[in-house]
Amino acid sequence: MHKVVGIFAAAFLAILGFTGFCMNWGSMVEPVIHAITFSPSPTEPTLVSVPISGKKTILLQQAIQISNRALPGAVTPIIGVPTTPEAPYSFRKRFPEDLNGSGSSEVFIDQYSGKVLWVKNIRQSSRGDKVIEWIGNLHFGHYGGRTTEIIYGVVGITPTILLITGFVMWWYRYQRKNKKQPVEFYDK
């Protein structure tokens with residue numbers, strides 16, 4: 001069982017390890033990916049709502065309509081409501097072909113003026129951005145739907161299984177090695 005579980009999990013654990021490294025060290029990995037794919041590195045926008053004196057914030061319904069016009073054809077699985085006076089509305093958008101269930105596109109809207117501050121459209125992403133998106137999809141198992149997500153869940157418990165079966169194997173070997181052998185006396 002120890003060997004079978006280890007062999008089964010090895011490929012998935014290698015993928016998880018590599019993609020996890022890429023995600024945790026994104027500030028170093030992403031420029032390399034953009035260089036390899038000959039695509040420009042995106043500049044991060046300043047996402048700040050500018051308070052207008054005497055004007056209230058726009059309603060959530062208005063912000064949703066603006067985000068739907070910014071990315072038509074996408075559904076909105078996640079809505080970020082501003083928590084500070086400078087925070088914008090944020091909308092995570094999902095197109096039908098998107099592998100990520102929570103979407104890979106985003107829209108940020110100024111909470112006072114309703115101006116679109118930034119749109120990230122996965123359909124118009126560079127090759128480098130698509131590779132980075134695929135790294136996340138590989139890491140979380142989105143590429144094969146619910147089946148690969150379940151496999152990844154099972155793979156997640158394999159280190160525990162390997163620890164237990166490895167300990168049992170060691171214990172039996174230890175018991176056999178340290179088993180007292182009867183002492184034989186020879187008369188000459």
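Bear in mind that the values here come from a model prediction, so they are computed numbers and not experimental data.

Brief notes about the overall build of the protein chain
Tallying secondary structure elements over the protein chain gives five helices and four strands in all. Helices and strands appear in the protein chain in the N-to-C order α-α-α-β-β-β-β-α-α. In terms of C-alpha radius of gyration, the protein chain reaches 27 Å, well past the compact-globule figure of 16 Å for 188 residues. When the backbone C-alpha atoms are referred to their principal axes, the protein chain occupies close to 110 × 40 × 30 Å. Out of the 188 residues in the protein chain, the part that is buried amounts to 31%. Contacts spanning at least 24 positions in sequence make up 57% of the contacts within the protein chain whose residues lie at least 6 apart. A total accessible area of about 12,800 Å² is found for the protein chain, and carbon and sulfur atoms account for 64% of it. Side-chain charges of the protein chain comprise 19 positive and 12 negative groups, with the mean position of each set lying 5 Å from the other.

Some thoughts on a nonpolar patch on the surface
Judged by side-chain polarity, L163, I164, F167, V168, W170, W171, Y172 and Y174 come together as a nonpolar surface patch covering roughly 890 Å² of accessible area. On the basis of relative accessible area, W171 is assigned to the partly exposed category, the value being 38%.

Considering the pattern of salt bridges
Following the criterion strictly, the structure yields three salt bridges and no others. Among the ionic pairs, R123 bridges to E97, the shortest N-O distance being 2.6 Å. Here R123 is found in the loop between strand 4 (116-120) and helix 4 (127-140), whereas its partner E97 is found in the loop between strand 2 (89-94) and strand 3 (105-109), with 26 residues between them in sequence.

What to know about unusual backbone geometry
Note: most peptide bonds trans; most residues except glycine with negative phi. If you check the backbone angles, F38 has positive phi at about 55 degrees while not being a glycine. Topologically, F38 is positioned in the loop between helix 2 (26-36) and helix 3 (60-70).

Quick word on the pairing of strand 4
Bridge count between strand 3 and strand 4: four bridges; the pairing is antiparallel. When the sheet's bridge partners are listed, E106 is paired in strand 4 with K120.

Analysis parameters
Residues numbered from 1 in each chain as written. Predicted model: local features only at pLDDT ≥ 70, side-chain atom pairs only at ≥ 80, totals over all residues. Heavy atoms only, no water. Helix = DSSP H or I, 4+ residues; strand = E, 2+ residues; numbered from the N terminus. Rg over C-alpha atoms; globule rule 2.2 N^0.38 Å. Buried < 20%, exposed > 50% of the residue type's maximum accessible area, 1.4 Å probe, protein only. Contact = heavy atoms within 4.5 Å. Areas by Shrake-Rupley, 256 points an atom, 1.4 Å probe, with all protein chains shown as cover. Lys, Arg positive; Asp, Glu negative; His and termini not counted. Charge placed at Lys NZ, Arg CZ, Asp CG, Glu CD. Patch = residues over 30% accessible without salt bridge, like charges linked within 9 Å, V, L, I, M, F, W, Y side chains within 5 Å. Salt bridge = Lys/Arg side-chain N within 4 Å of Asp/Glu carboxyl O. Pairing = 2+ DSSP bridges.

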